[in-house]
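For reference, the chains in residue letters:
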Amino acid sequence: MDLSPFKDPGIARGLVASIRALAPERATIMEVCGTHTVAIARNGIRGLMPEGIRLASGPGCPVCVTANRDIDTAVALARVPQVTVATFGDMMRVPGSTSSLLEEKASGRSVEVVYSPLDALRLARENPDREVVFVGVGFETTTPLTAMALKRAEALGLGNFSVFGVHKSMPGALEAIVGDPALKVDALILPGHVSTIIGRKPYDFLAHTYSIPGVITGFEPVDILQGIAMIVRQLDEGRADIEIAYVRGVMEGGNPTAAAAIDEVFEACPAQWRGIGEIPGSGYRLRERFAAFDALCRLRPAVEETVEHPGCGCGDVLRGVMEPAECPLFRKACTPENPIGPCMVSSEGSCSAHYRYH
C-alpha cells in the first residue's frame, strides 16, 4: 500500500489549519495507544496544536501498565529450576521490586526473547526436558496470538508449555480514565491496532454514557492529524460520536476470527494496572479447558514482597495527570540506559518518547 499521501506535508498543513479554525478554547485530547504516543512525539504534532489543545498520553503501552507484582511474578518463574521463561524484548528490562528478567538472565537463569508466542511453543518442542513459560503481555492485538499458541499446544499434547498471561482489555481502562476526577478528558484518540480486532462498538459507552467523542485512527502523521481534526469538529458541533478515520485498517465489526479465538481460550477477569489499580473485567484468564497450561497453577513460584520504586512517576504518567518531564527522576536518575520505571524502558512508553523526541 502506498502510504505517501498519509505523510504529505500539504495535506498535513491543511488539517492543521482546520484544527486551528475549529479548536475550542481549552480541551484535553488523550491518545491511548503507545504507537500513537511515539508517532505524535516523533512528528512534533504537539507543537502544531493551537494553544488551548493539550495532547495527553494515556495507558496505551501494555508493558508500561503491567503491575510491579506481575513483573515480580515473572522473575519468580525464571528462578524455578528447569524453567525457561520466554517473553517479548521490552519486558526484559522492566525492573521489578529487586530484579528484572534481564538481570535474571545475566545471573544464569534461562530467559529468552521471542517475537511471537509460537516461538515459545517451538522452544518447548525443542527442549522437552524443560518447562517453557510464555509471559504474555498486550492488549487485544496480541491476545489472539497467545490463544492460538495455546490451541496449538493442546492439539500437540505439549506437556512442557505453559503461559503466565497478563493480557489486558483496553475498553475497561478507558472507563477508568474518563471517570478519573484528577483528569478531565474531553476526547480520545482511539487505538488503531486494538480496533482492528474489536472494531468500533466496544467504545460506544464513551459517547453514550460519558459524552466523550472518540476517533479511531492510524499511525502516520496525516492519520493522526485527521483524527484530531475529526475530534475538534465533534467538539465544535457539540457531538459525541465514535468515528473511524483508519478505514484502511479497521472494520466496524473488527476481526471476528481473532475475537472468537480470544473468547474460546480466555474469559474476562479483574486485572491490576500500574497507576490505576484493579479494573473489573479488564484482564484475561484461561478458561477451564486450558487450565492445565496455567504456569502459576503448575509451578506455584515463590513471589517476593512487592515494593514500589520511590519517586517513580510512571503511574501518574500513565493516567495522564503528569507529563514525563514533571517526574523528578526524568533525565536524572531515570534514562533509557538506566530506567527506573517501565515508561522509560518500553519503546512505546511516554517517558521514552519524550526523552528521544522532546
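Everything here concerns the structure above.
These numbers come from a predicted model, not from an experiment.

## Quick word on the overall build of the protein chain
Helices and strands together make up the secondary structure of the protein chain, namely 16 helices and 11 strands. Expressed along its principal axes, the backbone C-alpha trace of the protein chain runs to roughly 65 × 45 × 40 Å. Burial statistics for the protein chain: of 358 residues in total, 56% are counted as buried. Across the protein chain, contacts joining residues at least 24 apart in sequence account for 76% of those joining residues at least 6 apart. Taken as a whole, the protein chain presents about 14900 Å² of accessible surface, with 52% of it coming from carbon and sulfur. Taking the 34 positively charged and 42 negatively charged side chains of the protein chain as two groups, their mean positions are separated by 3 Å.

## With respect to unusual backbone geometry
A positive phi angle, close to 65°, is found at Q82, a residue other than glycine. Positionally, Q82 belongs in the loop between α3 (68-78) and β3 (83-87). Judged by relative accessible area, Q82 falls into the partly exposed class, the value being 45%. One non-glycine residue, R331, lies in the positive phi region at around 65°. Assignment of secondary structure puts R331 in the loop between α14 (314-319) and α15 (342-345). Overall, R331 belongs to the partly exposed group, its relative accessible area being 41%.

## Regarding the layout of surface pockets
Put simply, the largest pocket is a space of about 440 Å³. Contributing to the lining of the largest pocket are 21 residues, with D70, F164, G165, V166 and Y284 lying nearest its centre. For the lining of the largest pocket, the elements supplying multiple residues, two or more each, are α3, β6 (161-165), β10 (266-273) and β11 (277-286). Top element by residues in the lining of the largest pocket is β10. It accounts for 5 residues.

## So, the sheet that holds strand β5 (residues 131-136)
Read from one edge of the open sheet, 4 strands run β4-β3-β5-β6, paired in parallel fashion. Pairing within the sheet leaves two strands with one partner each, and these edge strands are β4 (110-113) and β6. Strand-to-strand twist in this sheet, taken as the mean axis angle between neighbours without regard to direction, amounts to 25°. Running at roughly 155° to β6, helix α7 (residues 143-156) makes contact with β5 and β6 of the sheet.

## Details of the sheet that holds strand β7 (residues 187-190)
The strand order β2-β1-β7-β8-β9 describes an open sheet built from 5 strands, whose pairing is parallel. Both edges of this open sheet fall to β2 (53-57) and β9 (242-244), since each of them pairs with a single strand only. The average angle at which neighbouring strand axes cross in this sheet is 20°, direction not considered. Here strand β1 (residues 27-31) runs beside β7; their pairing, made up of 3 bridges, is parallel. Considered in β7, the bridge of M30 is made with L188.

## A look at the pairing of β5
Across the 6 residues that make up β5, a large majority, 6, are buried. Residues E131, V133 and V135 point to one face of β5 and V132, F134 and G136 to the other, with burial holding for every one of them. Note that β3 and β5 share 4 bridges and pair parallel. The residue of β5 that forms the bridge with T84 is V132. As defined by bridge partners, β5 adjoins β6 across 5 bridges and the pair is classed as parallel. Bridging from a neighbouring strand, V133 pairs with S162 of β6.

## Some details on the nonpolar core
Formed by 90 residues in total, the largest nonpolar core has its most connected members in L150, F161, L188, Y203 and L206. Residues M49, A187, V215 and I228 belong to the second largest nonpolar core, which totals 22 residues.

Rules behind the numbers
- Residues numbered from 1 in each chain as written.
- Predicted model: local features only at pLDDT ≥ 70, side-chain atom pairs only at ≥ 80, totals over all residues.
- Heavy atoms only, no water.
- Helix = DSSP H or I, 4+ residues; strand = E, 2+ residues; numbered from the N terminus.
- Buried < 20%, exposed > 50% of the residue type's maximum accessible area, 1.4 Å probe, protein only.
- Contact = heavy atoms within 4.5 Å.
- Areas by Shrake-Rupley, 256 points an atom, 1.4 Å probe, with all protein chains shown as cover.
- Lys, Arg positive; Asp, Glu negative; His and termini not counted.
- Charge placed at Lys NZ, Arg CZ, Asp CG, Glu CD.
- 1 Å grid on protein atoms, 1.4 Å probe; cavity = no way out; pocket = protein on both sides within 12 Å on 5 of 7 lines; lining within 4 Å.
- Points joined across faces, edges and corners; volume = space filled by probe spheres on them.
- Pairing = 2+ DSSP bridges.
- Axes fitted to C-alpha atoms, helices over the stretch in contact; angles between N-to-C directions.
- Core = buried A, V, L, I, M, F, W, Y, C linked by side-chain atoms within 4.5 Å.

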